[in-house]
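# Chain and residue survey
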Amino acid sequence: SSSSKLKQHLHKSFSESLMEDNIKDAEAIILQWISPELLDSSSSSSSSSFCCISSLFSTGNRDEARRFIGAVNSLHSVMVKLVSVNPASMKLVRAENLMKISMNHLSKEFYRILKSNRRYLDPESVSVRSRISDSESDGEFEIPKSKGGRGDEEDADAMADLKMIADCMTSSGYGKECFRIYKKIRKSIIVEALDQLGFENLSFLQIQKLEWEVMEKKIRIWLRAARKAVTTLFYGERILSDHVFSSSAAIRESSFAGISLQSALAMFSFPGNMAKCRKSPEKIFLTLDVYQSITELLPKIEEVFSSDSTSPVRSQIAVTLTNLGEGVISMMDEFESSISKESSKSLISGGGIHQLTRYVMNFIVFLADYSDTLSEIIPKTPLSHSPEENSSSGDVNSSSSSPLEKRIAWLILFLLCKIDAKSRLYNDVALSYLFLINNLNYVVVKVRTSSLKEILSNDWLEKHEAKVKKYVAKFEEIVWGEMMVMVAMTSFPTAEEKAEEIISRFSDRFEEAYKRQTGWVVPDPKLRDEIKVWVGMMLIPSYSEVYKKYRVGSRNNIGFAPEDIGNYLSDLYFGSGGSGTASSIHSSNSI
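As recorded in an unreviewed UniProt entry, the protein chain goes by Exocyst subunit Exo70 family protein and comes from Noccaea caerulescens. According to the UniProt record, the Function (unreviewed entry) comment for the protein chain reads "Component of the exocyst complex."

In structure tokens, the structure reads:
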């Protein structure tokens, strides 16, 4: 038993002797960079009266920095062993004091590197270099590789130094102290960067009080700032945090969250608060821009804010997208309501295109450019009510139609019902039909020549094109039907006196029809030509035949010459001004 105790004593003495040698070795290296007087000072004074001989982590001292870190790590190992061997040892007290001043020194070096290398550690530089690095490897959030430039070298050196210090302080039990310094510096960089991007952290009450023109400017600034913030600012900070604190998952997550969480929540709550403010149709496009921008950034956002500690950001974005989507639906409802409430009784000169038709269709065409975004937003729910006209036409109730197609078709149906009601304000039935033709044709052309063609079905387009043709046929029958019957009668054998009577009556009716339509308009050149060509084909050949057959014009100068008919037709449907092509004929024939 005595022999065993002696062996234990000798072993303990030998171990303590080795640990004392290790402490002395570590102390010798550490005191090359820290004033020796601090060893005999109290812990409180060592914290306040710290001074270092020179900067340890400078370009010429990098090997010495590694020796210093190695000495501190060795000292920590000795302290762990001393606690298990002899917790009351004075050597442990000396080692602890040496560890405190070493940590204090490393804390200040950590602060100095962060502070003096802000230029080389800005998030944009880090994120750009990381993307280059990622293109060369499969790893995520790798340390940017130096490409040889001075900025690249300083960037890489600074990141390596920070990681070296953070690893040492964390393994020595001083990770929280290291994190506090890091958070203080890097959080301010995030705030300053967002400020430089023009982003203002406004409360909901402040946003509510903004005029639309001011809010519109702030939203456009937000669109630019958000993309930059996600792809460079937050992304770069995530890379830096992950690299510096790679040895501790807990500190790594809390580090990035502590730096970015508050700013990110402010950034992504702004559009959600904006969407809850006053809603009017003209705001829908900028709201869709914001929704679209967030959804495009979503994969990057989920990558950068992937940890549990940053889950509030993902939750905020989900809430913001919901608010934006509800805002879009509300604005579409308001737009539909504005169509329904439009009650002007003023007639459009010449049966032209109503301003409501232009406004609604231009609005819907712009909506169609956001078809992918709208498809995500518009709910798959049946429409609750239908316009008075065409409620059973199948325009919006097809079971195979997408929610977006139904909603767009619904809005157009509202418009067409409104246009149909306005057509009844005209006293002239023919002009009423011309108004319907022009407005429905405008709708069809807008659909055919825009993104709406990809949303609405071919059946929809064919159905409404057929309706335009139906209206045109009815219009031509009302205006030109009697004259068509007259010239058809001349194809049968008849007496010359009867022929003269028909020609005279035809000319009178043609003159009346021309004067009636001189102020009428068909704005679409293609449709205008189609109407005139068809009328000309129905009238001129038959009229010309009887005119020449009975030589009516050469004997009694009765009626119009066939070429005059063509000239007058060519002058129609340009509006009150006319085309000017038949003005001289108009005067000479006193029509």
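### Here we look at empty space enclosed by the protein
Summed over all chains, the structure comprises three cavities of 30 Å³ or more. Looking at the second largest cavity, its volume works out to about 70 Å³. As for the second largest cavity, its lining consists of Gly198, Phe199, Glu200, Leu202, Lys218, Ile221, Trp222 and Phe270. Sort the elements by how many residues they give to the lining of the second largest cavity and helix 9 (residues 212–244) lands first, with three residues. Its residues placed into classes, the lining of the second largest cavity shows five nonpolar, one polar and two charged.

### What to know about the nonpolar core
Judged by nonpolar contacts, the single largest core of 173 residues is most densely connected at Phe110, Trp222, Leu367, Ile412 and Trp480. Per-element accounting of this core gives the leading share, 15 residues, to helix 9. Contacts of Leu367, omitting those with residues within four sequence positions, involve Ile284, Phe285, Leu288, Met332, Leu374, Ile408 and Leu411.

### Brief notes about the packing of aromatic side chains
For the structure shown, the criterion picks out 21 aromatic pairs. Between Phe110 and Tyr182, the aromatic rings sit 6.3 Å apart at their centres with planes inclined by 40°, giving tilted as the arrangement. A residue pair is termed long-range when its members are at least 10 positions apart, and Phe110 in helix 4 (residues 90–116) and Tyr182 in helix 7 (residues 175–196) qualify at 72 residues. Exposure class is identical for Phe110 and Tyr182. Each is buried.

### Some words on helix 10 (residues 249–275)
For helix 10, which comprises 27 residues, the first-to-last C-alpha distance of 37 Å matches the rise-based estimate of 39 Å (1.5 Å per residue) to within 8%. Approximately 45° is the largest bend angle found in helix 10, and it occurs at Ser260. With respect to burial, helix 10 is a largely interior element, 19 of its 27 residues being buried.

Here is what the cut-offs are and how they apply
Residues numbered from 1 in each chain as written. Predicted model: local features only at pLDDT ≥ 70, side-chain atom pairs only at ≥ 80, totals over all residues. Heavy atoms only, no water. UniProt positions renumbered as here; feature names shortened; annotations may be inferred. 1 Å grid on protein atoms, 1.4 Å probe; cavity = no way out; pocket = protein on both sides within 12 Å on 5 of 7 lines; lining within 4 Å. Points joined across faces, edges and corners; volume = space filled by probe spheres on them. Helix = DSSP H or I, 4+ residues; strand = E, 2+ residues; numbered from the N terminus. Nonpolar A, V, L, I, M, F, W, Y, C, P; charged D, E, K, R; others polar. Core = buried A, V, L, I, M, F, W, Y, C linked by side-chain atoms within 4.5 Å. Buried < 20%, exposed > 50% of the residue type's maximum accessible area, 1.4 Å probe, protein only. Contact = heavy atoms within 4.5 Å. Phe/Tyr/Trp six-rings, centres within 6.5 Å; stacked < 30°, edge-to-face > 60°. Expected span 1.5 Å × (residues − 1). Bend = angle between axes of the 7 residues up to and from the residue.

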